[in-house]
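Tertiary structure, described
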Amino acid sequence: MNFLAILLCVALHTEYLVNPDGIETAHPRLQWRVESAEHGQRQTAYRILVASTDATLARDEGDLWDTGKVMSDATSQIAYAGKPLASGQQCFWKVQTWGKDGAASKWSEPAKWSMGLLKPEDWKAQWISFKDETPLPSAHGKLHLPPARYYRKDFEAPREVKRATLYFSALGIAELQLNGRKVGDAYFESGWADYAKRAYYRTHDVTALVKPGGNRLAATVADGWYAGYVGYGLLVGRGPDKTGRNIYGKTPALLAQLEIEYADGSHETVGTDATWETSGDGPIREADLLMGESYDARKADESAWKWTPAIRAEENGSVKAKFFEVGSSHEVDLGFQKPAKLVAYTAPPIRVVEEIAAKKITEPKPGAYIFNLGENIAGVIRLKVKGAAGTVVQIRYGEMLHKDGRLMTENLRKARATDFYTLRGAANGETWQPRFTYHGFQFVEVTGLAEKPALDAVTGLVLSNDTPAAGEFACSDSVMTQFWKNTVRTQRANFIELPTDCPQRDERLGWMGDAQIYVRTASYNADVSAFFTKWLDDLEEAQRESGAYPDYAPYPFAHGEPGATHGTAWTDAGVIVPYTIWKVYADTRVLERHWASMTKFMEWRRKADPELKGVSIGNTWGDWLNVNEATPIEYVDLCYHRLSAMLMSAMADALGKRDEAAKYRDTADALAKSFRSQFVKPDGSLTVDTQTAYVLALEGRFFAEPDETRAAAARLAEKIARNDTRMATGFLGTKPLLLTLTGNGQTDLALRLFQSRRFPSWGYEVEQGATSVWERWDSFTKEHGFDGMTGKNNAAMNSFSHYSFGAVMQWGFQTLAGIDTDGPGYKHIIIRPNPPSVGTTAAAGEAKPIDWVKAHYDSIHGRIASAWRANGADFELTTTIPANTTATIFIPAKDAASVTEGGKALGDVAGVKLLRYENDRTVFEVESGTYRFASKR
């Protein structure tokens, strides 16, 4: 039997992850994908088996859960509903489905998950540390970079080991080793949280690492976010004694628990306690996420270290300090505080996701060798060198070079971003890579070597939360294809633990404005379901008592105006991001989880603006980096208040909360009425005359009459034309600009802006040499260098890895390629490509209009593809719709009769249904499969 002609069940995930360990939810969600070579194939039923052992599952028995045959086409968001699961429980599962004709598929390949420690009393281990009698750092002019701390415990495994599982957490960041081998491949475990409230823990299956007889469990612990330098704290004087470090505590601590199950059924626990040993004599002499790592290879032999007994972390006692915020200070205790709760880490781990060979070496001054990786990344390097013992190699990082070839480091501000490696003098050379720091860079300066190194002395290691690639985009304009590649690279660089603003300078904060602007594009580039699921917990944890969401999450300290913790449009990320995750992944659980938090936020918004006129309270980030066209904060606030109300109404409907849905619709209507009374003039123009003002008004559907909408869209186009066909929008206006233009009949203008090579534009960045997305359009210009178009930019504010303006790729996928979802989760798909009009030609000095696009997106149901080509009036579209879905396809055509599929008239094609003809497009509904349409426009 040809099963592919029926259905194949593939890509099994639990809580969005592949075979995860340490799941904490009592009812994990399962998902899979069905595939078929047959047009119109769909799932009509499924059966899930979940078993306590792989052998039981292999016998087609589900002793934990057997759903039986369930008549449903659902393949995702299916909550486990079997026997209650215990801490550490292993679960093995597989699925079988039935197709449209009732034929059964074969069973999927098996998948698995394991549960975490579900109850506080399951933790038998103790938080441990070392006796720390050093004073709290208070000097402002000198960095405090203590060595990493090492811990170890010897234990016996006297019987055959059936299973061994390691659970651990850290106040700081930790790497664990079993018998000298690293546990897992992740970086920066256990993760960043507000440590007094909660800490993350990690789970690893270490069965293969435990050997019969004597064993050693060891750990290396560094300051991380807990005690190291965080954000721009040092730059602006935040934190204890204005040092920018020790934000959460003074001395890192470790919690580890190894659970061993023997073949005879007995059980043993090895946990951290005062019987462990600790040392500060190891090779890692400095370890800071921002500042860098220093490693002395001569100290690698731990038999030469001084070891002392570890202590229970609370024995270090109280450490009082004055904590400085903007315009205020308060006393804090930086001694050990046991986190109120331990929670399982739910995002993909941070891993090396790519290795990049150096492309070129230069020597701008004798002995200073600069390696060019050819692209701007975030991560570390692998250093391969040879030299005399005691040789100190200094490694500095930068995103750009000065004209004379020197490393450009002004934009790092207070981030030292420097590593040191001291050679042990190995005859065959030595290799090293940092483990407790990372940097944003394209260029690596190596000094201290006696001879010029080989090109392979430096390899770039790209670090990122390992979010699987989901989309790909290319078009006839190679510059804009390159820009899409730049967005992917920048997204990776900033998806490290949280959606950061930039990886290179002393910041790396989860800025909310950037996140809400970019999240939809992020979902096209990669599967970000688990990544944002985790970060939304961080965000709720950071929510202010008032109900406002702060400017960034986690929220180590305030920034901006005294007493201000939020800014309009930034704070609204607390609604926009959950809405987007629901829309893309049909995830109602994320809405349920955060509904009370979002409701509290909306109550705060209403109290802050009882007259619904728009207010300016908090930080006035507004339309950040607009080009000489500032839009009043009150205006922006009203627009975003309505946007959040509309999204809340949609999410309430999804949750079956009809009364709340109606309430938020009423709020949105009232805000629109207030907007029209304040800002709409009799001729349909706005009293706030900026490009962003018109974009936000059109995006928010504020106008009561179609004529008003058309007038506003015409005014926006006119304003762009009068600005020499250039944008003046900042972060808030640029993201929806092209979507708004296309949605109001201005596709040719949107395409011209997309392809522009003039400042400000995406193409301008690429032609200035960008390999990533820049914070400012003119972070570098060939004419003025780092001083920008005007020659007056602040070089210290030039981030060359900042994804916000990359949000245009939502339009690239959704509108230009035409891949969108009709309702949540891509169950029903929209394919609506938007080629330029027939006869459109390039403007003077601009690129030839795009005449082909090829894109795909791997949705939770499978790959959706759209590839079109336009040649005058001839139009061709090849599209793929995955099994178990349907699609509405909009073909540019002069009439329905001019459209063919596979060279056949549409009446002869099975699975294609003509719906209507509208706005110069023929609209069809299709079943799954691959189609090749052609038409005359």
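Here's what I pulled together on the structure shown here. Just so it is clear, the structure is predicted and the values come from calculations on it, not from any experiment.

1. Looking at the nonpolar core
Counting 221 residues, the largest nonpolar core has Phe188, Phe532, Met651, Phe675 and Leu738 as the members making the most contacts within it. Here the element with the most residues in this core is helix H9 (residues 633-654); it accounts for twelve residues. In this structure Leu738 touches Ala750, Leu753, Phe754, Trp762, Val808 and Trp811, once residues within four positions along its chain are discounted. Core analysis: the next-biggest nonpolar cluster, separate from the first, contains 28 residues, Phe168, Ala170, Leu178 and Val270 among them.

2. Focus on helix H7 (residues 573-585)
Between its terminal C-alpha atoms H7 stretches 18 Å, which fits the 18 Å expected from 13 residues at 1.5 Å a residue. The buried count for H7 comes to twelve of 13 residues, which makes it a mostly enclosed element. On its buried side, H7 packs onto helix H5 (512-525), helix H6 (529-542), helix H8 (588-608), H9 and strand E41 (852-859). Phi turns positive, to about 50°, at Ala586, one or two residues after H7.

3. Focus on the side chain of Asn834
Within the secondary structure, Asn834 is located in the loop between strand E40 (828-831) and E41. In this structure the side chain of Asn834 is engaged in a polar contact, spanning 3.0 Å, whose partner is the backbone oxygen of Arg832. Looking at Asn834, its side chain comes within polar contact range of the side chain of Arg921, at 2.9 Å. Setting aside residues no more than four positions away along its own chain, Asn834 makes contact with Thr742, Thr747, Leu751, Thr815, Leu816, Trp868 and Arg921.

4. Let's talk about the sheet that holds strand E24 (residues 328-333)
Strand pairing in a sheet is mediated by backbone hydrogen bonds. Such pairs are either parallel or antiparallel. As summarised here, the arrangement of the three strands in space is E15-E23-E24, forming an open sheet in which the pairing is antiparallel. The sheet is open, and its two borders are formed by strand E15 (239-240) and E24, each paired with just one other strand. One ladder, built from two bridges, connects E15 with strand E23 (residues 320-325); its direction is antiparallel. Bridged to Pro240 within E23 is Phe323.

5. Considerations on the sheet that holds strand E45 (residues 900-901)
A sheet is described by the order of its strands in space; here seven strands give the open sequence E36-E41-E42-E43-E49-E45-E46, paired in antiparallel fashion. At either margin of the open sheet sits one strand with a lone partner, and together these are strand E36 (471-475) and strand E46 (904-905). Of the strand pairs in this sheet, E45 and strand E49 (residues 929-936) are connected by two bridges, and their pairing is antiparallel. Each bridged residue has a counterpart across the sheet, and for Thr900 the counterpart in E49 is Ala934.

Procedures and definitions
- Residues numbered from 1 in each chain as written.
- Predicted model: local features only at pLDDT ≥ 70, side-chain atom pairs only at ≥ 80, totals over all residues.
- Heavy atoms only, no water.
- Core = buried A, V, L, I, M, F, W, Y, C linked by side-chain atoms within 4.5 Å.
- Buried < 20%, exposed > 50% of the residue type's maximum accessible area, 1.4 Å probe, protein only.
- Helix = DSSP H or I, 4+ residues; strand = E, 2+ residues; numbered from the N terminus.
- Contact = heavy atoms within 4.5 Å.
- Expected span 1.5 Å × (residues − 1).
- Polar contact = N/O pair within 3.5 Å; in protein donor to acceptor, adjacent residues only side chain to side chain.
- Pairing = 2+ DSSP bridges.

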